[in-house]
Amino acid sequence: MNVRDRFASLAALRPARKAGVAAESAVAETAAIRVRGFSPALPDGAERLAEMLQAKALSNSFGEHLSVRKWFSEAIGCEPPEGSVNADALRLLAPGACAEVSDPRQWLFLDTETTGLMGGTGTYPFMVGIAWWDAGGLEVEQFFMRELSEEHALLLTLAERMTERPVLVTFNGKSFDWPLLETRYRMTRKIRAAAPRAHLDFLHPARNLWRVHLGSVRLAELEKHVLGWNRGADLISEMIPQFYFDYLRGGPPEPLVQIFLHNQMDLRALAGLASRIVAVLADPRTDGADGLELYGVSRICERRGETARAKKHYAQSLEAVLPAETDRAARRSLARLAKREGDLPLALKLWESILGGSREGLEAYRHLAIHYERQVREPQRAAVLVRRALAELRRPPNRSAGLSAALLRRYRSDFERRLQRLERRMLIARRTGGTLLDAINPESRARD
Amino acid sequence: MAASQHGLAGGLTRGLAVRASTTLETVQEALGALVARYRADEVLTVVRHIPAREAQFRAMPTWVRPELAAAYHAKGIEKLYTHQAAAAELAHAGKNFVVVTPTASGKTLCYNLPVLNAVLKDADTRALYLFPTKALAQDQLAELHDLAKRLDDGFGVFTYDGDTPSDARRAIREHGHVILTNPDMLHTGILPHHTKWTRVFENLRYIVLDELHTYRGVFGSHLANVLRRLARIAEFYGSKPQFICCSATIANPGELAAQLIAEPVQVVEENGAPAAEKLFVFYNPPMVNRNLGIRRSYLNEATRVAKELLARKLQTIVFANSRLHTEVLLTYLQQANRPGPGEAEPIRGYRGGYLPGERREIERGLRDGRIRGVVATSALELGIDIGSLDASVMAGYAGSIASTWQRAGRAGRRSGTSCAVMVASSAPLDQFIVQHPDYFFGRSPEHAYVQPDNLEILVNHLKCAAFELPLRPEERFGAVDLPGLCERMSEAGFLHRSGGNWHWVQEAYPADTVSLRSVTSDNFVIIDTTGGTNGDEDGEPEVIGEVDFSSALTTVHPKAIYLHQGQQYHVERLDFEQRKAYVKSVNVDYYTDAIRYTQVRVLEIAEEEQVAGPAVRAHGDALVRSQVVGFKKIKFFTNENIGAGKLELPENEMHTTAFWITLGRKLLAELPYALSDRQNGILGLLYAMASMATLLLMCDARDLGTAVGERPARPGVETEWQEFSATLGDPAQMKESFEPNLYLYDAYPGGIGFSEPLFRVHDILLQRTRELIVGCPCERGCPSCVGPAGEKCEKAKEVALAILERLCA
């Protein structure tokens, strides 16, 4: 049995997935040539791709790669910010960042298309799109590896561009694009990454602002619903790696044109979204019917420790229309801030308003029970609340409220323990006439 | 280690002696009670008193930095044992080496001393310690933390494994001088992300491989490939680490280490450590039927031994050889040792399928004495800290001498007298060992084998290697034609050649799909669908464990009884596609045993030779088809067969390597026996031969498959199968003149390196097999030599010996 037959029976060599039909025939045609050790400098589709995109080859000391440049006027895209970026918004986006961050001319939008989403050393960013505000519009430049061997050249060009504009702006770039690029630079052992002076990642603000509303915060979703654009037919992004692999193996370059367009759209959406988020964070609209954005801004303010602003916006969001769940969440957050600042009447009022079987409702029961037990020292009143809470827990579980069985168990045992203690105290109080009790029974304080 | 090194000379010795005599007396009393009904010399085939041994010292080397010497001094170590000193010198000279050390001989110093010395000298130095399990790494951490504290935190030491919180990982990569991890983490967590480990790889000077002897067979073959990948990455960052290895006693530690690290290796074998006294007992369950060679059940006898020891307040560990037996023994012992009211369960089980939290809790319980007895698989064999127990009972031979010593070492690990009792099963290997004690107590005959060039394994790691760094045509990766293989992998869509190198072009993350513990990476999860019984609210299905692919078909086939923590589960459904077994908790009085059916076809003969007989010995590639076709129900305690069932499970086809002996037509024709007797003799011979082969190969019986088939006319040609296995074949259909092949095949796709060694030791294998059969006291064959004697197999033993006479002539 010869070696090739031996290979044929290996489970490890069974193809992991089917390549595109076109690519398969192309592979069959080229397989015979490649086995003899010949490998063409560039895939068959590279030249046609460059023609279709009117791309040119950029060259530097590490070789060549493709580059496509295109300018989008503001009519198509978004409004470039004038002057410097609003300081209130920046404080929320990137507290303590360097001065350059407030100058939009220093911003460089970046989005990569890669051969996989898992990261690690074997994932290639075969396309890196960057964009910056220019001449009242958005200049988009896309770098592309016609072959994997063009990676070093591409990385060098990218480093040069990044040095010119040191504020990196991405969507999920902090956990995906930039670590991946850092890995690629390290793997060259030669080319230094141009570390950005600041990195604004708009994924988290977007999530805070629109997750509840949209359910998903994929860039294309945000673009459609927040910016009101319609990008028309777009490719399914899960297909991107396979389109590139097919092209490398001699498949057609047409699907790659779609990837270029997709990447352009993503960059324009990112720029538009960045402007929108800055505007919202600077001055959220209070006149609209919808309080969700306001609620999102308050959450961001709270996370950044801007309590006063957070309180103001929570209150504003409660005045607007909120879905029931968000309404409860806003009341609970506002109550927490109020309590922390000693505004007990407000906190009590808010807790009273959300009592129920929801996550916030149960938490409110707990807060109120503690309040009446410790501050007001009215165990009867606390016990009434705890009994009500236990009654809520005895109702059929409301799975849609997002309460896990474990959390419900925890609440139940907490309330049961609490009730036992309260009843014990009330009993002793009845026997002793009562007031000594708090002095001799410190357990409640220790437990909470 | 520290205490025993110096305490032995001083007052501690007296303390030990007092405890020793009580333990000795207690054990002797227990043994007396056990054999009261039997002839002691027949049951206790060996009672060996291993006296304490004195330490041999050398001075601390002069190159050891004063602060490090002072730290060891403060722990009570001023001098080194001779083997530690030898290791230190080799490490200092920059050599790769392996230290062969028994349990509790101060092996950690062999690597900690040189590594920490280098770290203290140059704070950039980095070392990677690999332990075969996460638990062992955790265990070593304590010792290193202690040293670090004594050295004013002059170095950072961390474990890095699946349990490491992600926010701690960055700090560990930057500040860890010594990183304790396991091969699996290196494979999936470190190498594929090597750019995050730049600092470590640029300064990687030492790699420590502890428990080297565990890296054999499949696991070892995988590790050799992981180390090939590690070497590539280290080279990429400009470092070439030195290897320090520690191994339990085996015959070929140097050869094994050299195969794993692909570099020359020196061996340090002399042992200068002292040892406390130990009583080692071989317990052979008494015969109940001499004709049939049937002995009392060793599981029942092991239970009796453990009960006697536990009754005398000796904290006892019981080792079983399979998960099933762990659970059976646990059931027996828990029934005999019920917890008092309000007390926790004093006897616990411990094996691979349990979840980590459960395991940690059991380890703690053993250390603080709350748990009086534990029934474990090999999972507790290695150095996990469970404190020092008084007695170790082994239900059945562990399969290798090295493992047996390690299991015995779990009792009295640090000090004092301890006892180890090996209760022999009627398996041939066990019987051979209890009747040939010199084989066990003499110089180790055991070899550890690996096959780093197993193509299935190698190709999987080549994918990982390509993911980590593009493959260059001039590179070497094992003994394969790398460019040829890369082209083939490109055709299959895994690689793409660009700029001369081969790049990974798949979205998938190759390391994720390659498990180091098996050739293929399929695991079956076991899902308990009982619900409603153990909680008041959620009856949701719960994952209770996992089994690997190879054992799944035999342990979780439909209608099987699967045991987990002493609880029985009935397998309701096996979802083969989804790799899930759905079980329900039941309470029945039997367990199940699967029946497997196997065919072998020779594909290619690697070597072939005429031998006495006349016969032919050969090894080469083979195709093995096997199928689980049914199961038996075996009643607890009595081991009666109380029923059977048929199963229709998918056939499993595997390309592997095999060793075989073809018995010549002349040899068989000259045997003065009927056809069916000859057939039974052949099956008996194979049964005995397989047992002795596992002994020589240091492998598990599971690692080696057996089959008999007629030699086909030419290799690779489809011939009609002449199957005549005892369970399925019909001897009447057998031709009068046939030339059977007796196959011993590697039970893993691609083979893991057993076939060629078996071919080489053919003569010894036959010699040992003959000793086994001749030495067996049964009359007509029994489970301990040629297999159970039945109505049909009257002459199996006689015929097997007649064939062996001719083969050994």
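Since the model is a prediction, treat every value here as computed from it, not as a measurement.

A. Summary view of the overall build of chain B. Of the regular secondary structure elements, chain B holds 26 helices and 31 strands. A total of 809 residues make up chain B; the buried ones form 52% of that total. Counting only contacts in chain B whose residues sit at least 6 apart along the sequence, the fraction spanning at least 24 positions is 74%.

B. Structural detail: the overall build of chain A. A count of helical and extended segments in chain A gives 19 helices and seven strands. The burial tally for chain A puts 42% of its 448 residues in the buried class. Put simply, of all contacts in chain A between residues at least 6 apart along the chain, 66% involve residues at least 24 apart.

C. Local environment of the packing of helix α25 (residues 762-775) of chain B against helix α26 (residues 796-807) of chain B. All names here are of chain B. Where α25 contacts α26, the axes come no closer than 10 Å and their chain directions differ by 150 degrees. When the axes of α25 and α26 are compared, the crossing they make is left-handed. Contacts between α25 and α26 involve Leu-766, Thr-769, Arg-770 and Ile-773 from the first element and Lys-797, Ala-800, Leu-801, Leu-804 and Leu-807 from the second. Here the contact of α25 with α26 is built from residues that sort into six nonpolar, one polar and two charged.

D. Layout of the domain arrangement of chain B. In terms of domains, chain B is made up of domain 1 (2-51 + 276-441), domain 2 (57-268), domain 3 (455-513), domain 4 (523-588) and domain 5 (613-618 + 656-807). The centre of domain 1 of chain B, based on its C-alpha atoms, is set 31 Å off from the matching centre of domain 2 of chain B.

E. Local environment of the nonpolar core. Counting residues in each nonpolar core, the largest one holds 352 residues, and the members touching the most others are Phe-109 and Leu-270 of chain A together with Leu-329, Val-393, Ala-395 and Val-423 of chain B. When residues of this core are assigned to their parent elements, the largest contribution, 14 residues, is made by helix α10 (residues 254-282) of chain A.

F. Summary view of the sheet that holds strand β10 (residues 266-268) of chain B. Residues and elements named next belong to chain B. Taken together, the seven strands give an open sheet; going across it, the order is β6-β7-β5-β8-β9-β4-β10, and neighbouring strands pair in parallel fashion. Of all the strands in the sheet, just β6 (157-159) and β10 have a single pairing partner and so form its edges. Within this sheet the neighbouring strands show an average axis-to-axis angle of 15 degrees, counted without direction. Bridge analysis of strand β5 (residues 126-130) against strand β7 (residues 178-181) gives four bridges, and the strand direction is parallel. Pairing of Tyr-129 across the sheet is with Leu-180, part of β7. The strands touched by helix α5 (residues 82-92) within the sheet are β4 (97-100), β9 (242-247) and β10, with β10 carrying the most contacts at an inclination of about 160 degrees. Packing against the sheet, helix α7 (residues 134-150) makes contact with β5, β6 and β7, and its axis sits at approximately 165 degrees to β6.

G. The arrangement of the pairing of strand β20 (residues 501-504) of chain B in detail. All names here are of chain B. Relative to β20, strand β19 (residues 495-498) runs antiparallel, the two being bridged by four bridges. Across the sheet, residue Ser-498 finds its bridge partner in β20, namely Asn-501. Connecting the antiparallel pair β19 and β20 is a turn made up of two residues, with Gly-499 showing a positive phi of about 60 degrees.

H. Structural context of the environment of Glu-794 of chain B. Within the secondary structure layout, Glu-794 of chain B lies in the loop between α25 and α26. Through-space distance from the C-alpha of Glu-794 of chain B to that of Leu-663 of chain B is 21 Å; in sequence the pair is 131 residues apart.

I. Broad picture of the sheet that holds strand β2 (residues 63-73) of chain A. All names here are of chain A. Spatial strand order, β1-β2-β5-β4-β3-β6-β7: seven strands in an open sheet with mixed pairing. This sheet does not close on itself; its edge strands, each paired only once, are β1 (56-60) and β7 (198-201). Going across the sheet, the axis of each strand differs from the next one's by a mean of 30 degrees, ignoring polarity. Strand direction decides the pairing type here: strand β6 (residues 167-170) and β7, joined by four bridges, are parallel. Bridge assignment links Val-167 to a residue of β7, and that residue is Ala-198.

J. Spotlight on the confidence of the model for chain A. Residues and elements named next belong to chain A. Per-residue confidence for chain A averages 83 on the pLDDT scale, and 85% of its residues sit at or above 70. Note on residues 17-39: pLDDT under 50 across the span, and 27 contacts to partners over four residues away in sequence or across chains. This model gives residues 442-448 a pLDDT under 50, and the stretch forms five contacts once residues within four places in sequence are excluded.

K. Spatial organisation of helix α16 (residues 401-409) of chain B. Residue and element names in this part refer to chain B. For α16, the buried fraction is high: eight of the nine residues fall into the buried class. Buried within α16 are the following residues: Ile-401, Ala-402, Ser-403, Thr-404, Gln-406, Arg-407, Ala-408 and Gly-409. The secondary structure elements touched by the buried residues of α16 are β11 (278-283), β14 (316-320), β17 (391-395), β18 (418-423) and α18 (437-441).

L. Spatial organisation of the environment of Leu-235 of chain A. Residues and elements named next belong to chain A. Within the secondary structure, Leu-235 is located in the loop between α8 (219-225) and α9 (240-248). With 24 residues separating them in the primary sequence, Leu-235 and Ile-259 have C-alpha atoms 7.4 Å apart. Those residues in contact with Leu-235 that lie beyond four places of it in its chain are Gln-258, Ile-259 and His-262.

M. Here's a closer look at the confidence of the model for chain B. Residues and elements named next belong to chain B. On average, residues of chain B score 84 in pLDDT, and 89% of them reach the 70 mark or higher. Counting contacts from residues 1-20, a segment whose pLDDT is below 50, to residues more than four positions away or on other chains yields 29 contacts. Every residue in residues 713-736 is under pLDDT 50, and counting partners more than four places away or in other chains gives 34 contacts. For this predicted complex, the interface confidence score (ipTM) comes to 0.82, while the overall pTM stands at 0.80.

N. Quick peek at the pairing of β4 of chain B. Residues and elements named next belong to chain B. Judged by which residues are buried, β4 turns out to be covered on both faces: Phe-97 and Val-99 on one side and Val-98 and Val-100 on the other are all buried. Both β4 and β9 contribute to a ladder of four bridges, which runs parallel. Bridge pairing in β9 links Val-98 to Cys-245. Where β4 meets β10, three bridges bridge the pair, whose relative direction is parallel. The residue of β10 that forms the bridge with Val-98 is Val-267.

O. Local environment of α7 of chain B. Residues and elements named next belong to chain B. Taking 1.5 Å of rise per residue, 17 residues should cover 24 Å, and α7 covers 25 Å from first to last C-alpha, within 8% of that figure. In the core, the buried residues of α7 are packed alongside α4 (66-74), α6 (107-121), β5, β6 and β7. Count one or two residues on from α7 and you reach Asp-152, which has phi positive near 55 degrees.

P. Region of the structure containing the environment of Pro-740 of chain B. Positionally, Pro-740 of chain B belongs in strand β31 (residues 740-746). For the pair Pro-740 of chain B and Arg-472 of chain B, spaced 268 residues apart in the sequence, the C-alpha separation amounts to 47 Å.

Q. Structural detail: the packing of helix α12 (residues 307-319) of chain A against helix α13 (residues 324-340) of chain A. Residue and element names in this part refer to chain A. Where α12 contacts α13, the two axes come as close as 10 Å, and the packing angle between them is 145 degrees. Along this stretch, α12 crosses α13, giving a crossing that reads as left-handed. Note on element contacts: α13 touches α12 through Asp-327, Ala-330, Arg-331, Ser-333, Leu-334 and Leu-337, opposite Thr-307, Ala-310, Lys-311, Tyr-314, Ala-315, Ser-317 and Leu-318.

R. Summary view of unusual backbone geometry. For the peptide bond that leads from Gly-613 of chain B to Pro-614 of chain B, omega is 0 degrees, which places it in the cis range. Relative to the elements of secondary structure, Pro-614 of chain B occurs in the loop between β26 (590-611) and β27 (615-635). The phi torsion at Ala-135 of chain A lies on the positive side, around 45 degrees, for a residue other than glycine. Looking at Ala-135 of chain A, the number of C-beta atoms within 10 Å reads 10, which means it is exposed. Located in the positive-phi region is Lys-559 of chain B, a residue other than glycine, with phi close to 75 degrees.

The rules behind the values
Counting restarts for each chain: residues are numbered from 1 in the order of the written sequence. The lettering of chains begins at A and the numbering of ligands begins at 1, in the order of writing. Reporting in this predicted model follows two pLDDT cut-offs: at least 70 for local features of residues, and 80 or more for side-chain atom pairs to be given and counted; totals over whole chains, interfaces and linings ignore these cut-offs and use all residues. Helix and strand labels come from DSSP, where a helix needs a run of H or I of at least four residues and a strand needs a run of E of at least two; each type is numbered from the N terminus. The burial criterion counts other C-beta atoms lying within 10 Å of a residue's C-beta, which is placed from the backbone; the residue is buried at 20 or more, exposed at 12 or fewer, and partly exposed between these limits. Residue pairs are scored as contacts if the distance between their C-beta atoms, which are placed from the backbone, is within 7 Å. Structural elements are reduced to axes, namely lines fitted to C-alpha atoms, with helices fitted over the stretch in contact, and the angle between N-to-C directions of any two is expressed from 0 to 180 degrees. Crossing handedness follows the turn of the near helix against the far one: under a right angle anticlockwise gives a left-handed crossing, and clockwise gives a right-handed one. Asp, Glu, Lys and Arg are counted as charged, while Ala, Val, Leu, Ile, Met, Phe, Trp, Tyr, Cys and Pro are counted as nonpolar; the rest, among them Gly, fall into the polar class. Bear in mind that the domain bounds are from an automatic or database domain assignment. In this usage, the nonpolar core is the set of buried Ala, Val, Leu, Ile, Met, Phe, Trp, Tyr and Cys residues whose C-beta atoms join them within 7 Å. Two strands are said to pair when DSSP picks up at least two bridges between them. pLDDT gives the predictor's per-residue confidence on a scale running from 0 to 100. Expected helix span is taken as 1.5 Å per residue step, with the number of steps being one fewer than the number of residues.

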